[in-house]
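# Understanding the architecture of this molecule
If you want the building blocks of each chain, they are given just below.
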Amino acid sequence: MIGFYYFLSLILVVVSLYYFIVARSYVKRLISVNILGSGVFLFFVATAKNTTMENPDPVPHALVLTGIVVAVSATAIAVALILYLNKEER
Amino acid sequence: MPIDLGYLVALPLLASLLSLIPSLRVYTAFIFSLLSFLLSLYSFIYTLMGDIPLYQWIGGWVAPLGIGFRLDGLSGFFLLMTGIIGFFVALYSFSFFKVEYQRQGKVFWFFFFFLWAGLNAFFLSEDLFNLYVVLEVLSLSALVLVALPGHRKAIKASLNYLFLSILASMFYLLGVAMLYANYGVLSMSLLSEKLAGTHAFTYALFPIIVALAIKSALLPFHFWLPPAHSSTVAPASALLSSLVVKPPAYLMLRLWLEVLPKDKSLEYLSIVLSLMGALAILVGSYYAIRQKTIKMLLAYSTVAQMGYLFLMAPLYYHGESFREALLQAFALQVFSHALAKASMFLSSGNAIYVARRDDLSYMPGFAHSHPLTFFALFFSGATLIGLPLSAGFVAKFLFLGLSIRLGFIFQGSIMLFGSLLASLYVYPIWRESFSSHPTKFYDNPIPQLMELSAFFLGFLSFSSGIVTFLLLQGIVRG
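This write-up is about the structure you can find in this document. Note that the structure is a prediction, hence the values are computed from the model and not measured. (Residues numbered from 1 in each chain as written. Chains lettered and ligands numbered in written order. Predicted model: local features only at pLDDT ≥ 70, side-chain atom pairs only at ≥ 80, totals over all residues. Heavy atoms only, no water.)

## Some points on the packing of helix α8 (residues 201–215) of chain B against helix α12 (residues 264–290) of chain B
All names here are of chain B. At a minimum axis distance of 11 Å, the contact between α8 and α12 shows a crossing angle of 15°. With respect to each other, α8 and α12 are oriented roughly parallel. The chirality of how α8 crosses α12 is right-handed. Along the contact surface, α8 presents F201, T202, L205 and I209, while α12 presents S265, L266, L269 and L273. The class makeup of the residues in the contact of α8 with α12 is six nonpolar, two polar and no charged. (Axes fitted to C-alpha atoms, helices over the stretch in contact; angles between N-to-C directions. Helix = DSSP H or I, 4+ residues; strand = E, 2+ residues; numbered from the N terminus. Parallel < 35°, antiparallel > 145°, perpendicular 65-115°, else oblique. Left-handed = near helix turned anticlockwise from the far one by under 90°. Contact = heavy atoms within 4.5 Å. Nonpolar A, V, L, I, M, F, W, Y, C, P; charged D, E, K, R; others polar.)

Below is the structure:
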């Protein structure tokens, strides 16, 4: 079962990486880099079940939570900059 | 007396918050930059005499669960570097934002101190996940500094930098996840024990190395750097080009020398990194020579100078018997380039202040009208080239000796050729400064503080070559 989640995260990472490279617009790039992040987070959370113990390891969850916070704040700055750029253009 | 390492991070963070209060801004900036500088100077002196490595566990939680700070010779040296540059850039910025970009001056200090806190935390952290968070702190504050002037070019450069740095962070996190899944620890000292004799880490290492290469602008990923570092205001450029690109390279050295075991795949990796570094030196210098504006020239020169740190990757793999000399050479290369590049960007700010243009051809007669700024450019340029006595010379000399002793003639000769190329792109700045037709607006005086801080940084980058015996002693301790 855990292999399925690894596979899913691999697909997310590869597809979003492809779109990150080919996308020309800033918004598309922002979305693709966010999806890439989700793929990485999914992978990290899935590794929590990778132990012989009955319960999943809580540490990856805590780390992913931190990662999500960082990704959200980076996205906020990116959106602010894109909006500023559009206002300048008009 | 041991110090509380937390203050090295807490003090600049407090300063960044206080600088948001308009009436306190100038006092905060002055007092806290001085205090942070003195604190990093003290921690450097502590690494010379005290009991190191000094560990500090935040909240009293010890390693696998807790996050630790660790002060040793190398990190103490880099703290000193951050302190010196931070202090002089702060002095410069007092005058700079008084005469130019007043609006930007209101927010500059917040991100300046935030960046300083991030840098100190990076050099002290010894936990891979904590390093990820700090890396993000660095990039987020750096990209706001890139966007500071607010014109389209700067915003675009900042956005491109932001996307690449998020991408790099995600790669880094992927590598960290793989390491954690296999070994169950993130602290570097614990990891080094667990890695011995295993091979699984090589897969995790690949995304981490790619991430560090993007963040420190190694060749195929260098394209974000020149626009980002050249389009912003002078003090911000100085910080970005001298300090922000260094931490990833520092982490790579740390991993290589202290964490990773000897493995055949690492040898191939080191050769690939070395070739990329060699290309970075050649291509970066080539583009630097072709530039017509001083800031683009300096930005491409950063690409070239960062190349040296990666060019020497095979030495990190093979040179465990020369560990001390390696650490010294690496640290001194980083230190000399950081000080010299900061001084050059500050001087370029002075030149732009009088000429209102950043074309190289607009600098004629600079040596006659503004000798202090010219001497800053002279000393820092000499360090970039690696002229004898300068710190850059000592670093290159150490690297050269090591590469000959370990039999890496290719690396040594590329480094010498890189010095030659560096003199080709530094020379036009000097030549234009000496031409004998000072134009009329060059009579404008530059605020004294701006000239003096640029000069002292350049002078320190040169003269620290003379006192290297003192500096080098500390690096290898602990």
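From this point, the discussion proceeds with the structure in view.
## Overview of α8(B)
Taking 1.5 Å of rise per residue, 15 residues should cover 21 Å, and α8(B) covers 21 Å from first to last C-alpha, within 8% of that figure. A positive phi of about 60° marks B:A217, the residue just after α8(B). (Expected span 1.5 Å × (residues − 1).)

## Considerations on unusual backbone geometry
Glycine aside, a negative phi is what most residues show, and trans is what most peptide bonds show. Residues and elements named next belong to chain B. Although it is not a glycine, Y101 sits at a positive phi angle of roughly 45°. Looking at where Y101 falls in the secondary structure, it is placed in the loop between α3 (73–99) and α4 (102–124). By relative accessible area, which is 35% here, Y101 ends up partly exposed. A positive phi angle, close to 85°, is found at L389, a residue other than glycine. (Buried < 20%, exposed > 50% of the residue type's maximum accessible area, 1.4 Å probe, protein only.)

## A few points about the pairing of strand β2 (residues 68–71) of chain B
All names here are of chain B. Of the two faces of β2, both are covered, the one formed by G68 and R70 as well as the one formed by F69 and L71. Direction of pairing for strand β1 (residues 54–57) relative to β2: antiparallel, over a ladder of four bridges. Among the inter-strand pairings, W57 is bridged to a residue of β2, identified as G68. (Pairing = 2+ DSSP bridges.)

## What to know about the pattern of salt bridges
Residues and elements named next belong to chain B. Following the criterion strictly, the structure yields eight salt bridges over all chains and no others. A salt bridge links E258 to R254, with the shortest nitrogen-to-oxygen separation between them at 3.0 Å. Here R254 and E258 lie together in helix α11 (residues 246–259), a separation of four residues that amounts to about one turn. Given a relative accessible area of 25%, E258 falls into the partly exposed group. Among the residues examined, R254 registers a relative accessible area of 5% and is labelled buried. A salt bridge links K264 to E267; the nearest nitrogen and oxygen atoms lie 3.0 Å apart. With K264 and E267 both in helix α12 and three residues apart, this pair spans about one turn of that helix. By relative accessible area, which is 18% here, E267 ends up buried. Salt bridges sharing partners connect three or more residues here, namely R70, D72, R254, E258 and R323. (Salt bridge = Lys/Arg side-chain N within 4 Å of Asp/Glu carboxyl O.)

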